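Structure assessment
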Amino acid sequence: MWYARRRGLPGEAAKGPPLARARSLTEFQQAFPDEGRCAAFLFERRWPSGFVCPACGGKRAAAVKSRASTYECLECSRQTSITAGTAMHRSKLPLPTWFWAAHLMATHSNGMSARQLEDQLGVTYKTAWLLAQKLRRSMIDPMREPLEGVVEIDQAEIPFREGDAFFEPGAAGKIFVIGAVEVIDRDTNQAKPRRKHAKYLDTRSGRIRLAAIKDNSAASIQAFVQANVKAGATLLTDGHASYSALRGYRHDPRVVGKMAGHVALPWIHRVFALMKRWSLGTYHGLRRKHVDSYLNEFVFRYNRRFYRHVSFEALLGIASGRRPVSYWDIAGRENPRKGEIAVRKTPRRRKTAAGMRRDGAPIGPVHGLHIDEPGTTG
Ligand SMILES: [Zn+2]
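These lines cover the structure that appears in this document, whether it is placed above or below. (Residues numbered from 1 in each chain as written. Predicted model: local features only at pLDDT ≥ 70, side-chain atom pairs only at ≥ 80, totals over all residues. Heavy atoms only, no water.)

In this structure, Cys53 (SG), Cys56 (SG), Cys73 (SG) and Cys76 (SG) serve as the protein donors to the zinc ion, at separations of 2.3 to 2.4 Å. Each of the 4 donor atoms around the zinc ion contributes to a set of angles spanning 101 to 113°, which defines the coordination as tetrahedral. Between consecutive donor residues of the zinc ion, the sequence gaps follow C-x2-C-x16-C-x2-C. Taken together, the positions of Cys53 in the loop between helix H5 (35-46) and strand S1 (61-63) and Cys73 in strand S2 (residues 70-73) put the pair 20 residues apart, joining distant regions of the chain. As far as burial versus exposure is concerned, Cys53 and Cys73 are alike and both buried. (Donors = N, O, S within 2.8 Å, 3.2 Å for Na, K, Ca; no water. Tetrahedral: all angles 85-135°; square planar, octahedral: opposite > 155°, others 65-115°. Helix = DSSP H or I, 4+ residues; strand = E, 2+ residues; numbered from the N terminus. Buried < 20%, exposed > 50% of the residue type's maximum accessible area, 1.4 Å probe, protein only.)

The structure is reproduced here in structure tokens:
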């Protein structure tokens with residue numbers, strides 16, 4: 001577990017509240033039975049040493065009874081939702097549904113398709129699909145470090161699925177995928193570069209990276225390596241000329257002649273085999289449009305395979321601090337109402353800790369509300 005210790009992830013798990021460490025379905029459901037317990041968990045994560053108003057820094061707040069998981073600052077009356085900035089931002093789904101979905105996606109070794117989530121959560125397919133997509137967007141750690149040490153790299157072709165027709169791998173189009181995996185020595189749990197052409201025996205795989213590339217050109221391959229592998233690393237490749245043209249790496253090509261690739265580069269071939277089996281088993285083939293988010297999902301789960309039960313926090317977006325994504329981001333379309341000014345005929349009144357309160361000035365001109373501004377719409 002050198003690798004896990006070095007990254008500090010299980011350590012975080014041990015420090016966290018027992019809720020996050022719940023493993024079984026029963027334990028999980030006991031830990032997060034309702035909206036209140038989920039909200040308390042989020043509150044604890046967001047404000048570990050008590051509420052702090054993001055507007056004025058005030059420390060006193062009251063829970064807003066009419067709006068779940070929202071707190072109103074007693075100094076400046078600003079209302080703050082504890083889901084703001086997470087994957088659950090402005091969602092109408094109950095928090096336990098989100099938590100359960102994240103738990104399922106994080107702990108199931110093969111992940112969950114939207115169809116499987118639909119059955120598990122009792123929601124519509126469209127809801128399940130959007131939920132899965134939003135959670136999948138959290139499956140890339142913005143702070144992640146490039147691979148290092150000894151790294152096997154290779155390319156593969158995977159069939160992709162088009163339309164809703166029954167998926168036939170033989171008749172489908174292909175996507176080029178490039179992958180890299182760290183090769184770790186079992187006895188020291190560290191990477192040990194060896195002399196060129198030496199065999200790497202008794203090793204295991206470390207972290208991986210995968211990406212779809214538009215072709216097998218040198219430019220595509222080199223861009224991937226530079227973005228994902230730290231300079232100075234030893235690259236074990238199939239001897240493709242694109243790799244040796246890369247500056248700043250130690251090259252150890254495995255020119256194998258007629259030998260099968262999985263003999264010379266066993267770890268990356270195992271990763272590709274698992275990825276193909278997963279994409280067919282869970283998704284019945286990947287679609288070209290969302291292929292990157294599916295590859296990210298596979299990488300996320302592979303890199304956390306020894307401590308899956310804690311990765312659901314990262315999935316919920318609690319840990320990452322990323323910008324929430326909307327349906328329109330995911331569908332890759334423009335929100336038709338984007339930039340439109342929603343005109344309110346009467347000022348909105350909302351229930352606050354101190355009674356009903358109007359937004360803005362009590363009497364005045366009609367307020368223009370910008371729909372993309374958080375907190376200005378329902
Ligand atoms: Zn305040």
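Next, the rest of the story.
On to the pairing of strand S5 (residues 173-185), then. For S5, the buried fraction is high: 10 of the 13 residues fall into the buried class. Both strand S4 (residues 150-161) and S5 contribute to a ladder of 10 bridges, which runs antiparallel. Note that in S5 the partner of Val151 across the bridge is Glu182. Note that S5 and strand S6 (residues 203-213) share 9 bridges and pair antiparallel. Across the sheet, Ile184 pairs through a bridge with Arg204, a residue of S6. (Pairing = 2+ DSSP bridges.)

As a further point, take the pattern of salt bridges. Taken as a whole, this structure holds 9 salt bridges when the rule is applied. A salt bridge links Lys230 to Glu148, with the nearest nitrogen and oxygen atoms 2.9 Å apart. Of the two residues, Lys230 sits in the loop between helix H9 (218-228) and strand S7 (234-236) while Glu148 sits in the loop between helix H8 (125-137) and S4, which places them 82 residues apart along the sequence. Ionic pairing is found between Asp252 and Arg254, a salt bridge with its closest N-O pair at 2.6 Å. Judged by relative accessible area, Arg254 falls into the buried class, the value being 13%. What you see here is one network of salt bridges that share partners, running through Arg136, Glu297 and Arg301. (Salt bridge = Lys/Arg side-chain N within 4 Å of Asp/Glu carboxyl O.)

Any functional reading would require information beyond the geometric quantities listed.
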